[in-house]
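# Structural description and commentary
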Amino acid sequence: MLATPKITAQPYRWIDPSRIPQRQWIYGRSLIRRFLSSTVAPGGVGKSTLALADAVAMATGRDLLGVKPAAPLRVWYWNFEDPLEEIERRVAAIMLHYRLTEEDVGGRLYINSGRDTPITMVRETAQGLQIDSDTLSRLRNQIEELEIDVLMLDPFVATHGVSENDNAKINLVLQLWAKLADLTDIAIDVTHHVRKGQSGQGSFTTDDGRGASAFRDAVRSSRVLNPMTKEEGEKIGIDNPRAYFRCENGKANLAPPPDKATWYHLKSVSLGNGDPNDPEGGDHVAIVTPWQWPDPLAGMTGADFERVAAVIKRGKWRENSQASAWVGRAVGEALDLNVDNKADKAKIASMLKIWLASGSLIIVEGQDEKRETRKFVEVAE
């Protein structure tokens, strides 16, 4: 069991705030030394693929996914579900896509499979909870010997043998991992699944993590992955929305709008390890790449807006998108966009939102053909 420390009240001593050491964030605002962090997501979204891409980014010190590591880091990635050979395929695909070499990694990346070396830090027995102190000690020795900076455990559920729904038992498991992070001055990142039966909801937060709430409360930083919805894909003309997912602060109660979130795209990379006569070319492996939500004004010029303004000035256009004389139809006419197409309509609506916010267009009240008061859109003078 955990050693019981001597209990002594520690008197507060004033310290000049400017002399208090800063928190040691080493990878964006996701990983911090001496603490646990987590990535929570439903199955099949891409959490393992993202975790391994993060591991390669940290080991190489490269900004692969929009996050610049504090320095090239020594990373130990432990996947408890896949065989080692599959993990090696994924690393190879990442390195091929980002044109990385063995020298770029510099011997700083370590990968293990739970199929070869499983870990059960705590298990339930007839005599009660049993802590594997020997494994904890060997982990500590290996981390210190290799000077590991980050330990990544994928997924968390595979590291223990206790009831996921028992707060006290899960808290004990988390205490052990937190103690290891503290003793070795490393960051520990764990991936975690959402509860079953949650697939129909809109967005997930850490509150949706599977099992006990102790998991949510124990981590210092948490991020949540959500797949692109069918509706989001239709708005921007994406045929395969499942190949895209967003990442955000898992402890936030409200998710940011789609165009403000951090997005990723799952791409397929050919390893070229097949028979030369095989048209498939061998294995194809998914890797994560950064992706930006489309900017509705990308490629737009002042002349484009002048064409829109000219059409608006020729008519009387409503603000309401359900109206037959919706101002979006004027935009579509000027820019050759089809308001009956979901992607074009969403783009037009985004343009109007920006132009109204900037004051290029204004909303005024007026009377329609039935002398009823309505809101209309006009070009600002």
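Below or above, wherever it landed, is the structure these notes cover. (Residues numbered from 1 in each chain as written. Predicted model: local features only at pLDDT ≥ 70, side-chain atom pairs only at ≥ 80, totals over all residues. Heavy atoms only, no water.)

With that settled, the discussion passes to the overall build of the protein. From N to C terminus, the protein includes 10 helices and 16 strands. Whereas a compact globule of 381 residues would reach a radius of gyration of roughly 21 Å, the protein reaches 26 Å, over 25% beyond that. In terms of overall dimensions, the protein has a C-alpha envelope of 80 × 70 × 45 Å along the principal axes. The buried share of the protein, taken over its 381 residues, is 45%. Contacts in the protein between residues at least 24 apart in sequence constitute 64% of all its contacts with a sequence separation of at least 6. Entry remark: accessible area of the protein is about 20800 Å², with carbon and sulfur atoms responsible for 46%. For the protein, the distance from the average site of its 48 positive side-chain charges to the average site of its 52 negative ones is 6 Å. (Helix = DSSP H or I, 4+ residues; strand = E, 2+ residues; numbered from the N terminus. Rg over C-alpha atoms; globule rule 2.2 N^0.38 Å. Buried < 20%, exposed > 50% of the residue type's maximum accessible area, 1.4 Å probe, protein only. Contact = heavy atoms within 4.5 Å. Areas by Shrake-Rupley, 256 points an atom, 1.4 Å probe, with all protein chains shown as cover. Lys, Arg positive; Asp, Glu negative; His and termini not counted. Charge placed at Lys NZ, Arg CZ, Asp CG, Glu CD.)

Turning our eyes to something else, we now look at the packing of helix α1 (residues 47-60) against helix α2 (residues 84-97). In a packed pair of helices, the relevant descriptors are the angle between the two axes and the axis-to-axis distance. Contact geometry for α1 and α2: axes closest at 10 Å, N-to-C directions at 60°. The angle between α1 and α2 falls in the class oblique. You can see that α1 and α2 cross each other, and the crossing is right-handed. Across the interface between the two elements, Ser-48, Thr-49, Leu-52, Ala-53 and Val-56 from α1 touch Ile-87, Arg-90, Val-91 and Ile-94 from α2. Partitioning the contact of α1 with α2 into residue classes produces 6 nonpolar, 2 polar and 1 charged. (Axes fitted to C-alpha atoms, helices over the stretch in contact; angles between N-to-C directions. Parallel < 35°, antiparallel > 145°, perpendicular 65-115°, else oblique. Left-handed = near helix turned anticlockwise from the far one by under 90°. Nonpolar A, V, L, I, M, F, W, Y, C, P; charged D, E, K, R; others polar.)

So, about the sheet that holds strand β14 (residues 317-318). The strand order across the open sheet formed by 3 strands is β14-β16-β15, and the pairing between neighbours is antiparallel. Edge positions in the sheet fall to β14 and β15 (361-367), since each of these pairs with one other strand and no more. Where β14 lies against strand β16 (residues 373-379), 2 bridges are found, and the strand directions are antiparallel. The residue of β16 that forms the bridge with Arg-318 is Phe-376. Strand contacts of helix α8 (residues 302-313): β14, β15 and β16, with the helix running at about 140° to β16, the strand carrying the most contacts. Most of the contacts of helix α10 (residues 342-358) go to β15, to which it runs at about 95°, and overall it touches β15 and β16. (Pairing = 2+ DSSP bridges.)

This part is about empty space enclosed by the protein. Summed over the entire model, instances satisfying the criterion amount to 1 cavity of 30 Å³ or more. Taken as a whole, the largest cavity encloses approximately 50 Å³ of empty space. Forming the walls of the largest cavity are Tyr-27, Ser-30, Leu-31, Asp-54, Met-58, Met-152, Asp-189 and Arg-223. (1 Å grid on protein atoms, 1.4 Å probe; cavity = no way out; pocket = protein on both sides within 12 Å on 5 of 7 lines; lining within 4 Å. Points joined across faces, edges and corners; volume = space filled by probe spheres on them.)

This part is about helix α4 (residues 133-146). Between its terminal C-alpha atoms α4 stretches 20 Å, which fits the 20 Å expected from 14 residues at 1.5 Å a residue. Regarding α4, the residues found buried are Thr-135, Leu-136, Leu-139, Ile-143 and Leu-146. Along the axis of α4, the buried positions cluster into a sector of 110°, meaning they face one direction only. Next to the buried residues of α4 lie β4 (75-79), β5 (109-113), β8 (150-154) and α5 (167-184). (Expected span 1.5 Å × (residues − 1). Arc of directions from axis to C-beta.)

Let us now look at the pairing of β15. Two elements, β15 and β16, share 7 bridges in a ladder whose sense is antiparallel. Bridging from a neighbouring strand, Val-364 pairs with Phe-376 of β16. Hairpin connection of β15 to β16: 5 residues between the antiparallel strands, including Arg-371 at a positive phi of 60°.

One open sheet accounts for 9 strands, arranged β5-β4-β8-β9-β3-β10-β11-β12-β13; its pairing is mixed. Of all strands in the sheet, those bounded by a partner on one side alone are β5 and β13 (284-291). Here the strands of the sheet are splayed against their neighbours by 20° on average, with no regard to which way each runs. Pairing analysis gives 4 bridges linking strand β3 (residues 36-41) to strand β10 (residues 221-227), with the strands arranged parallel. What sits directly across from Ser-37, in β10, is Ser-221. Running at roughly 160° to β4, α1 makes contact with β3, β4, β5, β8, β9 (187-193), β10, β11 (244-249), β12 (262-270) and β13 of the sheet.

Moving on, we get to the pattern of salt bridges. Applying the stated rule across the entire model yields 20 salt bridges. In this structure, Arg-90 and Asp-82 form a salt bridge, with 3.4 Å as the shortest nitrogen-oxygen distance. Of the two residues, Arg-90 and Asp-82, both sit in the buried class. Between Arg-216 and Asp-217 there is a salt bridge, and its shortest N-O distance comes to 3.1 Å. (Salt bridge = Lys/Arg side-chain N within 4 Å of Asp/Glu carboxyl O.)

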